[in-house]
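Observations on the model geometry
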Amino acid sequence: MNGVVLISGNGSNLQSLINKSNSIDLNISCVISNVPSAFGLERSTRSGIDTHTLNHKDYTSRHTFDNNLSEIINKYNPDIIILAGFMRILTEEFTKKYFGKILNIHPSLLPKFQGLDTHQRVIEAKEKKHGVSVHFVTEHLDGGPIIAQRVIDVLPSDDAESLAKKVLIEEHKIYPEVVQWYTSGRLKLDNDIVLLDNKPI
Ligand code: GRF
């Protein structure tokens, strides 16, 4: 399947998808970053992937930004749009246009800790468990139907930095796995129900 990956930063999740692209039947046809300095742009260029920057600071309206984003995406006619550390709220119009085709990875056990600074907030809340979620993207920020999660223990010695490292290790495993479910046709979104092999998850 043909995929477009959206990033904003380091792009380690992008790298894990690039590394496993053969085994997960994913052809990454294009990478787009809303941040010009994102290191992920170097990763995609190095791998010979079409790479675009769409600086959100050049836009006064979210609507115009998303329209331009769509224009680039549509040139590649992707089967799947993969948000990999894409730190930008998408408009309802955008999410509806690609309903059932957009995946996101979020560093918390959703629905807990939506939004930013999840690792620090987990420490402050004295949680015993933390982790990562992969979900379909809908108009609800970090609130779309959950596909899969991985849990890690929060140890007394942990801080936000150590949690981020441990969660990232899980992210790099779970995201390619879920993408492979999608590219092999096993994973679908039916209204708000996630189906794996035609059965609700
Ligand atoms: C990841 O923790 C991802 O879940 C979050 O931002 C981080 C991005 O990491 N949304 P990277 O850019 O893939 O290295």
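Observations concerning the pairing of strand E8 (residues 187–190)
Burial along E8 is one-sided: Leu187 and Leu189 are buried, and none of Lys188 and Asp190, which face the opposite way, are. Relative to strand E9 (residues 193–196), E8 runs antiparallel, the two sharing 4 bridges. Residue pairing across strands places lysine 188 opposite leucine 195, the latter belonging to E9.

Thoughts on helix H1 (residues 12–20)
For H1, a buried count of 7 out of 9 residues is recorded, marking the element as mostly surrounded by other parts of the structure. Every buried residue of H1 is accounted for by Ser12, Asn13, Leu14, Gln15, Ser16, Leu17 and Ile18. Buried residues along H1 sit in contact with strand E1 (2–7), strand E2 (27–33), helix H2 (40–46), strand E4 (80–83), strand E5 (102–106) and helix H6 (160–183).

Points about the sheet that holds E4
If you walk across this open sheet you meet the 7 strands as E3-E2-E1-E4-E5-E6-E7, and the pairing is mixed. Each edge of the sheet is formed by a strand with only one pairing partner; in this case those strands are strand E3 (50–53) and strand E7 (146–153). Mean inter-strand twist for the sheet, computed between neighbouring axes without regard to direction, equals 20 degrees. Bridging between E2 and E3 involves 4 bridges; their strand directions are parallel. Counted as the bridge partner of cysteine 30 is aspartate 50 from E3. Sheet contacts for H1: E1, E2, E4 and E5; angle to E2, the most-contacted strand, approximately 165 degrees. H6 contacts E4, E5, strand E6 (129–136) and E7 of the sheet and is inclined by roughly 155 degrees relative to E7.

Looking at the environment of serine 33
Inspection of the secondary structure puts serine 33 in strand E2. The sequence separation of serine 33 and glutamine 120 amounts to 87 residues, and the corresponding C-alpha distance is 25 Å. Residues contacting serine 33, with those up to four places away along its chain left out, are Ile7, Ser8, Ala38, Leu41, His52, Thr53 and Leu54. Within polar-contact distance, the side chain of serine 33 engages the backbone oxygen of valine 35 at 2.7 Å.

Some remarks on the nonpolar core
Core analysis: the largest hydrophobic core is formed by 38 residues, its most contacted members being Ile28, Ile147, Tyr175, Val178, Val179 and Leu187. Looking at this core element by element, the count peaks at 8 residues for H6. Contacts of valine 179, omitting those with residues within four sequence positions, involve Leu17, Ile24, Leu26, Ile80, Ile82 and Leu103. With 18 residues, the next largest nonpolar core counts Val4, Cys30, Ile81 and Phe86 among its residues.

Calculation criteria
Residues numbered from 1 in each chain as written. Predicted model: local features only at pLDDT ≥ 70, side-chain atom pairs only at ≥ 80, totals over all residues. Heavy atoms only, no water. Buried < 20%, exposed > 50% of the residue type's maximum accessible area, 1.4 Å probe, protein only. Helix = DSSP H or I, 4+ residues; strand = E, 2+ residues; numbered from the N terminus. Pairing = 2+ DSSP bridges. Contact = heavy atoms within 4.5 Å. Axes fitted to C-alpha atoms, helices over the stretch in contact; angles between N-to-C directions. Polar contact = N/O pair within 3.5 Å; in protein donor to acceptor, adjacent residues only side chain to side chain. Core = buried A, V, L, I, M, F, W, Y, C linked by side-chain atoms within 4.5 Å.

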